[in-house]
Structure formats: C-alpha cells, structure tokens
Amino acid sequence: MEFGTAGLRAPMGAGISHMNDLTIIQTTQGFCRYLEKNFSDLKKRGVVIGFDARAHPSSGGSSKRFARLAANTFISQGVPVYLFSDITPTPFVPYTVTHLKLCAGIMVTASHNPKQDNGYKVYWENGAQIISPHDKGISEAIEENQEPWPQAWDDKLGDSSLLLHDPYATISKDYFKDIQKHCFHRNINKETKLKFVHTSVHGVGHKFVQLAFEAFDLSPPFAVPEQKDPDPEFPTVKYPNPEEGKGVLTLSFALAEKDGAKIILANDPDADRLAVAEKQESGEWKVFSGNELGALLGWWIFTCWKNQNQDACAIKDVYMLSSTVSSKILRAIALKEGFHFEETLTGFKWMGNRAKQLMDQGKAVLFAFEEAIGYMCCPAVLDKDGVSAAVITAEMASYLATRNLSLSQQLKAVYDEYGFHITKASYFICHDPKIIEQLFDNLRNYDGKNTYPKFCGRFKVSGIRDLTTGYDSSQPDQKAILPTSKSSQMITFTFANGGVATMRTSGTEPKIKYYSELCAPPGNSDVEQLKKELDELVNALEKHFFQPEKNNLQRKTE
C-alpha cells in the first residue's frame, strides 16, 4: 500500500498490501513520528481518532479494532488521544480537530467502497485533509518505522491510561449546536407538512441525521428499516454508494410511497456525502445529480446569507468554492450577485485547505461542493459533510413548499436566472495501468509528437489544459494556474461550442472518469437542444478519445 493524500485504502486481510493490524501499526508509527517532528506541543494537544462500522470477520479486522490500535500507538509515546467510543460520521473528525485545537485527526473508514475495503484518512491541524508535502513526509516516516514498537500489540494499553479521552458526548452536543447557526426558518420547520425518508445505507448516519432534524425543529425523517442499522455486509445493495443512482434507493422509494414522503435523503456509509431524490408530479422519482444539488444548495445558502446581511459592502468578502470537474453554476451565480468564486483541484482536500486560508484572511466561505455528491455547508467542518447537508436540504425544501415550489421547480428557476448548466459524467473501468498511460499519451501526441487533438469528431477543440504536464493553452505563458501532479492523469478540453470536458484517473478506484458541461447564458431556454448537443459531444468523446473497444475498457453499468 502507498500512503497518499487520501491516506490509505485497500481490502482488509493479511499481507502488506492489505489493511490489517500490522499495516495500521506501521502507518500510525510513521504518522506519530512525523507529527512529533512538526509539533513541539504534540504531547500537550494530541490527536482525534474516529471509526465507522466496517468489519471483516475472516481476518479479524474492523474499523473499531484499527482505531484502537492506532490510539494505542500514540498513547505508548505519551501523546493524548481523543478516541470516539462509538461509530461517528467522518465529518466529526475534522470538526473535532478544529474544535479542540488538536494537531491531527484520523478516520478509519473506506466510505462507500465495497464491503471488504477499509481506509485510513488523515487530517492536519487546520481541520482539512492533508495535501502535499505531508503525504510524502508521512510515507517516508512509515518506511522508517516498520518494526512494531514494544507495546504495539497491547490493545488494552489505552484503557487505563490518563492520556485516553472520549470526546463522543461533548462533540455530539457542540456539533449540533454549531450547525444550528445555519437554521434560518425554525417556524416553517415546526409547521411543515413535508415528509422525508432517510437512508444511511447500512452505515453510521441514522442517529446523527435524526439528531440534526431535531436540532432544526423538523419532524424526524422516516428511516428505511432494513438499512438504518450499521451492517458491514451491506446486504441490501450491490454497491453501498448513493452516487450509483436508483439501485441504492429501491427500498427508499418503496418506503416513501408507503408513507407519502416526497423527498429522499441518502447518505453514504460514513455520512460525508448526500444524495437527494424528489417525487415529481408525474409520479416518477428524480434523483438529483451532485451538480444539481450543488446549484440548489449554493442558491439557498447565498439567499439565506443575503437575508441576514443587508450591508452591501459585506459581499466583497464572501466566497464559494467548487472543484474543477464540477459544474460552473456557482461561478454564474457569483458573477451576477457580486461574491467571489474559486475553483480548486478535484477533491475536498483542496477545497478544505483553500477555505481555511480564506477564513484566516477574514473572508466568509459560505459553501463548497464537488459533483461526487460532496457538500460543505458550514465552515465548522472543512470537509464534505452529509449530515449538515441533509438537514439544510430539508429546511430548503420545507421553505420552498410554503411557496408551492418543489426542489425541481426551484432548480429550473436557478437555471432560468443564472443560465442553464447541463452536465454529464461517467466512467470506464480499466485494471491495466499501462493501457491508461497509453490512452493519455495518445491524446498528448494525437496529430504527431506533442500535439493535442484539434477536433473530437465534429467538435472543434478551442483550448487544452493538462494538469499532469502543467500545460494550459489559454494562459499567456501556457502554464496552468492550478497545481499539477505527474502521478495522476487529467486533461481538460474546451470546445468552440462552449462545451468543456475533463478526462481523469481516479485516486482510489480503477476508473478513468469524464465530466462534461455545456453552459448557456441566461435567457437561452432551449434545454432540449442543449442536452442533445452535450449528448453528441459525449458520444464523440467516448468514441474518439476513449476508444473503449480498442482499449478494452469496461463501461459503467447501472
């Protein structure tokens, strides 16, 4: 296993390429030494460790056991550890780091990966996921500390230690108090007749979303009974990932029909992501894409801010962020309303770190999102948070219901006002790194050496940004502004018709992903024509740039 900015993620089991007692001990020993080097007050401040409900009976591994072994490693070196006594959502770890001013945080989770996987996610003292050079520094420190320290295996060591603290009760109380700052319509919440269904997809989210609704004075959502309790087998779903669409929501649809609920809120197993579905007048269910929910939450959070801040000057310090492969809808809203929008590289590690920099300069970061259904709706957590996003979405829906508007109708209103942003994203599965490298090399040497494609089918390419090599045709010096990384592939094509498409490799799965968007100025309401144009662009992208048959790529199947 290689330790990267996302920490570790691998199947549980024996051997150095798997998550097990030994690899957890080695990783934590390296991390501990790296922290000692960076913080002279580590033994005063300490670290927080959380875990989800994953378990692997055949190897004896589980998130809870790994968390205890990690805690034990720090305690053996005299470092205070705030170890949650029970499962928590991932966002509780970054929240605790900043709330208790700790040096670092560890979350043992594999999020929405298949059941056999587990992971080790690391946060720095600023409350955001680590970025370079920390990943390299930690990785080197792990290499230097391979042999388990004398007390490494004694998982009872912490039980009697004064260095072990349980932050569960305090953090639960304080977190819900902090998200209440984002509750603006308590009276509407108390009265609303709107009904919600919630599923935690066999993960950790159930209890915390119930508490969030209570904190906002909303009636609790109906919980999908077969999925509300944590179960490491994820027995009712093929993939425990709400991003995969309707298959994960089958039981939610059935419960919503039975109880007359209009809206479904679905968290992934570690409750840092949120999917939302709404029943349409036709009786069909619409599952919102990450970009559509990003548009709605961005509009809503800005509207709430505007109602609270009548001072016209305040807007110059307001920011929203999204990742470069997400919809540019926030940019359109920012341009019209007068606040700032910034894009970052893909992943919340970049948005969390940038948000912290801006907040340290006295700016207000209202919202950040990525198309992979991740939303940061309150700055107390500098990472995606599916718990606060769920309850804020519920309040937004309740408010809109008093205006006789559905979420879908409001989304159309947002697009009418700021311009339609049609997006389409998918992926191909490829287990051969050589094929992936060759595919991207071909794109960089398309019409002879060092020449990128000038056309994709009938679509003229007007700009190229390659964040693997650092080339950007739109910059005067042809150098990309966003940071580049040779270790991952990522090329963005801009087309003469206003379309944008990005192809990139995934950091955690054997996938080549693509993201495409067509934006129209406000007033262009021929949505069907835009959709048709984007479909044709995507088909050309798949046929000419991916060449799935030639490269033996496996399509995403529903």
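Everything numeric in this text was worked out from a predicted model, so none of it was measured.

Q: Where do I start with the side chain of lysine 513 in this structure?
A: The residue lysine 513 is located in strand β24 (residues 511-519) in this model. One buried charged residue, lysine 513, remains without a salt bridge, the closest side chain of opposite sign being glutamate 509 at 4.1 Å.

Q: For this particular structure, what's the right way to read helix α16 (residues 527-546)?
A: One turn of an α-helix holds 3.6 residues; hence residues three or four places apart share an orientation. With 20 residues, α16 ought to run about 28 Å at 1.5 Å a step, and its terminal C-alpha atoms sit 27 Å apart, in line with that. Within α16 the residues assigned to the buried category are Val527, Leu530, Glu533, Leu534, Leu537, Val538, Ala540, Leu541, Glu542, Phe545 and Phe546. Directly beyond the C-terminal end of α16, a positive phi value near 45° is found at glutamine 547.

Q: Even after reading the chapter, I still don't get the packing of aromatic side chains, so can you show me in this structure?
A: Evaluation of the coordinates by the stated rule reveals 24 aromatic pairs. Ring centres of tryptophan 299 and tryptophan 300 lie 5.8 Å apart, and the angle between their planes is 45°; this geometry places the pair in the tilted category. Ring geometry for phenylalanine 369 against tyrosine 375: centres 6.4 Å apart, planes inclined by 15°, an arrangement best described as stacked. In this structure, phenylalanine 369 and tyrosine 375 share a single accessibility class: buried. Chaining the aromatic ring pairs together yields one cluster made of Phe84, Phe92, Tyr95, Tyr168, Tyr175, Phe176 and Phe208. Lying across the ring of tyrosine 418, lysine 336 places its NZ or CZ 5.7 Å from the centre.

Q: Can you help me understand the pairing of β24 in this one?
A: Counting buried positions along β24 yields 8 of 9 residues, so the element is predominantly enclosed. Two elements, strand β23 (residues 499-505) and β24, share 7 bridges in a ladder whose sense is antiparallel. By the bridge assignment for β24, valine 500 is matched with glutamate 517. Following β23, the chain reverses through 5 residues before pairing antiparallel with β24.

Q: What is the right way to look at the sheet that holds strand β5 (residues 81-83) in this model?
A: Hydrogen bonds between backbone atoms are what pair the strands of a sheet, whose relative direction is either parallel or antiparallel. Sheet architecture is open: 6 strands sit in the order β1-β7-β6-β2-β5-β8, paired in mixed fashion. In this open sheet, the two strands that pair with only one neighbour each are β1 (8-11) and β8 (164-165). Of the strand pairs in this sheet, β5 and β8 are connected by 2 bridges, and their pairing is parallel. Pairing of valine 81 across the sheet is with leucine 164, part of β8. In the packing of helix α1 (residues 21-38) onto the sheet, contacts are made with β1, β2 (47-51), β6 (104-108) and β7 (117-123), and the angle to β7 comes to roughly 5°.

Q: Please clarify how the packing of helix α4 (residues 92-99) against helix α6 (residues 168-179) should be interpreted in this entry.
A: Geometrically, a packed helix pair is captured by the angle between its two axes and the distance between the axes. Orientation of α4 relative to α6, taken along the N-to-C sense of each, is 90°, at an axis distance of 11 Å. Looking at the two axes, α4 sits roughly perpendicular to α6. Taking contact as the criterion, the partners of Phe92, Tyr95, Thr96 and His99 in α4 are, on α6, Ile171, Ser172, Asp174, Tyr175, Phe176 and Asp178. In the contact of α4 with α6, the residues fall into 5 nonpolar, 3 polar and 2 charged.

Q: How should I be thinking about the nonpolar core in this particular structure?
A: Where a protein is soluble and globular, its nonpolar side chains tend to be buried together. Counting 160 residues, the largest nonpolar core has Phe31, Phe74, Phe367, Tyr375 and Met503 as its most contacted members. Judged by nonpolar contacts, the second largest core, of 10 residues, contains Tyr319, Leu358, Ala368 and Met376.

Q: Can you walk me through the sheet that holds strand β14 (residues 318-323) in this structure?
A: Taken together, 4 strands build an open sheet; the order of strands is β15-β14-β16-β17 and the sheet is mixed. Only two strands of the sheet have a single partner each, and these edge strands are β15 (340-344) and β17 (374-376). Put simply, the sheet's adjacent strands are angled 15° from each other on average, direction ignored. Of the strand pairs in this sheet, β14 and strand β16 (residues 364-370) are connected by 5 bridges, and their pairing is parallel.

Rules of the game
- Residue numbers here run from 1 along each chain, matching the order of that chain's written sequence.
- Local features in this predicted model are restricted to residues whose pLDDT is 70 or higher, and side-chain atom pairs enter the listing and the counts only when it is 80 or higher, whereas totals over whole chains, interfaces and linings include all residues.
- Calculation of side-chain values draws on the structure's entire complement of heavy atoms; hydrogens and water are dropped beforehand.
- Per the convention used, a helix needs a DSSP run of H or I reaching at least four residues, while a strand needs a run of E reaching at least two, with both numbered from the N terminus.
- For every residue, the accessible area obtained with a 1.4 Å probe (protein chains only) is divided by the maximum for its type, and the residue is called buried under 20%, exposed over 50%, and partly exposed between those limits.
- Counting rule applied: Lys, Arg positive; Asp, Glu negative; His and chain ends not counted.
- Basic side-chain nitrogens of Lys or Arg form a salt bridge, by our definition, when they fall within 4 Å of a carboxyl oxygen of Asp or Glu.
- An expected span of 1.5 Å times one less than the residue number is assigned to each helix.
- Centres within 6.5 Å are what make two rings of Phe, Tyr or Trp a pair, Trp counting through its six-membered ring; a difference in plane orientation under 30 degrees is then read as stacked, over 60 as edge-to-face, and the rest as tilted.
- The criterion is that NZ of a Lys, or CZ of an Arg, lies within 6 Å of the ring centre and within 35 degrees of the ring normal, and then a charge sits over that ring.
- For two strands to be treated as a pair, DSSP must find no fewer than two bridges joining them.
- Only heavy atoms enter the contact rule, under which two residues are in contact if any of them lie within 4.5 Å.
- Here an angle of 0 to 180 degrees is reported between the N-to-C directions of two axes, which are lines fitted to C-alpha atoms, with helices fitted over the stretch in contact.
- Put simply, angles under 35 degrees are roughly parallel, angles over 145 are roughly antiparallel, angles from 65 to 115 are roughly perpendicular, and the rest are oblique.
- As a working rule, the residues Ala, Val, Leu, Ile, Met, Phe, Trp, Tyr, Cys and Pro are called nonpolar, Asp, Glu, Lys and Arg charged, and the rest polar, with Gly in that last group.
- Among the buried residues, those of types Ala, Val, Leu, Ile, Met, Phe, Trp, Tyr and Cys that are joined through side-chain atoms within 4.5 Å form a nonpolar core.

Read these as layout, nothing more, since geometry by itself doesn't imply function.
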